[in-house]
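# Architecture at a glance
Here is what each chain is made of, one letter per residue.
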Amino acid sequence: MTTTLKDTRPTPKPGVLDIAAYVPGKESAPGVAKVYKLSSNETPLGASKHATDAYHNVSERLEIYPDGQAALLKQAIADVHGLNADNLLCGNGSDELLGLLCQTYLSPGDEAVYTEHGFMVYKIYIMAAGATPVVAKEKNEQAEVDAILAAVTPQTKIVFLANPNNPTGTYIPFEEVRRLHAALPKNVLLVLDAAYAEYVRRNDYEAGVELVSSFENVVMTRTFSKIHGLAALRIGWMFAPAHVIDAVNRIRGPFNLNSAAIAAGAAAIRDRAHVDKAVAFNDTWLPWLTEQLSALGLRVTPSVGNFLLVHFPHDAAKSAEKADSYLTSKGYILRRVTGYGFPNALRLTIGSEEANRGVVAALSEFLK
């Protein structure tokens, strides 16, 4: 009798080992005295003081389990955004909610669609559910509704749309999102991932609240990791029809959000002055960096987020890989985006004034 690997140790279910693990950006620059981390789209303003105070207050009650319904946080979100708290679900980052949606609505043989340069975790969660990921082409680094619709088949159960998208920073107008939704079968769930919504200052943009409020097959996910500066606490939320909330709640872990996250998140979202300050800061430095980098001869994808996708020359000595190494040696950590289909580009987070001016100076030296 032949002995196989399956007989000698536990083996994962089919498909798991076909998944490429998510690789985050670099965190450090060895040997450099001062490091500017511009690789993870974190806010340079940090968290609201109200949020950090709430966080510290929880330290006196660490023996107590958190509220499994995160009622304090859901009510704060509902109050600020004018939503019904019963249509909200909070998660350990919006990533968890995206994964729960896949586990709830996808089975082997199903398909889920996302765009060419969309968030890499979509593919991971689709495959983890045993379903098939389907990629819709983008045009000029922007999602294209007709391409998404062309990718939809009778097997499609979910369509993911990051709007704005990461790492490109591009978005599609709300009328285009409406057109996409109107053409989807009613049994297909449209997931609007609006992690960067707070940064968008365009009259034709809407994060998705209106569509979710009006239809049974749309959900919107949001995060506290970006403009609210709470990435370390992993807080996400979802606005969805009641039947979606009910279904996902059945497989959600009972204490998926810790007490510090609930308290800090509730305080953060109510601090509108801090949010406004972050928006104003981004409104100053996003165009400044775009202009400065363009003046160096680099192509910059127009962005509405808190980051820029910077494309490098087709010159081996001035490639994104070489630029990344050079910048790291100077203490500037950017994000390689080869996995997103951009082998010759880097993603740059809008950082502090010192970091922004410094990275432009370093790139100027590199390109000479």
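Residues numbered from 1 in each chain as written. Predicted model: local features only at pLDDT ≥ 70, side-chain atom pairs only at ≥ 80, totals over all residues. Heavy atoms only, no water.

## Quick look at the domain arrangement of the protein chain
- Taken domain by domain, the protein chain consists of domain 1 (25–46 + 273–367) and domain 2 (49–271).
- On a C-alpha basis, the centres of domain 1 and domain 2 stand 26 Å from each other.
- Opposite the 28 residues of domain 1 that make contact, domain 2 presents 25 residues.
- When domain 1 packs against domain 2, close to 2,300 Å² is buried across both sides, 60% of that on carbon and sulfur atoms.
- Along the contact surface separating domain 1 from domain 2 lie 1 salt bridge.
- For R299, the salt bridge identified is with E141, shortest N-O distance 2.8 Å.
- Put simply, domain 1 and domain 2 have 10 residue pairs in polar contact (both at pLDDT 80 or more) between them.
- Mapped onto the side of domain 1 that touches domain 2, the elements with two or more residues apiece are α11 (272–295), β9 (299–301), β10 (307–311), β12 (335–337) and β13 (342–349).
- By residue number, the principal contributor to the side of domain 1 that touches domain 2 is α11, which donates 7 residues. (Domains from an automatic or database assignment. Contact = heavy atoms within 4.5 Å. Buried area = accessible area lost by both parts, 1.4 Å probe. Salt bridge = Lys/Arg side-chain N within 4 Å of Asp/Glu carboxyl O. Polar contact = N/O pair within 3.5 Å; in protein donor to acceptor, adjacent residues only side chain to side chain. Helix = DSSP H or I, 4+ residues; strand = E, 2+ residues; numbered from the N terminus.)

## Concerning the pattern of salt bridges
- Tallied over the full model, the rule gives 16 salt bridges.
- We note a salt bridge from E175 to R178, for which the minimum N-O separation is 3.5 Å. Taken together, the positions of E175 and R178, both in helix α7 (residues 174–183) and 3 residues apart, correspond to about one turn of that helix.
- With a shortest N-O distance of 3.1 Å, D246 and R250 are connected by a salt bridge.
- The class of D246 is partly exposed, set by a relative accessible area of 39%.
- Among the ionic contacts, a cluster of salt bridges with common partners joins D146, E176 and R179. (Buried < 20%, exposed > 50% of the residue type's maximum accessible area, 1.4 Å probe, protein only.)

## Concerning the sheet that holds strand β7 (residues 218–223)
- The sheet built from 7 strands is open, its strands ordered β2-β8-β7-β6-β5-β3-β4 with mixed pairing. For this open sheet the edge positions go to β2 (88–91) and β4 (132–136), each flanked by a neighbour on one side alone. Direction aside, the axes of adjacent strands within the sheet are offset by 20° on average.
- Across the sheet, helix α3 (residues 71–81) lies against β2, β7 and β8 (236–239), angled at about 125° from β2, the strand it touches most. (Pairing = 2+ DSSP bridges. Axes fitted to C-alpha atoms, helices over the stretch in contact; angles between N-to-C directions.)

## Looking at the sheet that holds β12
- Sheet architecture is open: 4 strands sit in the order β9-β10-β13-β12, paired in antiparallel fashion. Of all strands in the sheet, those bounded by a partner on one side alone are β9 and β12. Averaged over all neighbouring strand pairs, the angle between strand axes comes to 35°, with direction disregarded.
- Strand direction decides the pairing type here: β10 and β13, joined by 5 bridges, are antiparallel. Residue pairing for β13: L309 is matched across the bridge by R347.

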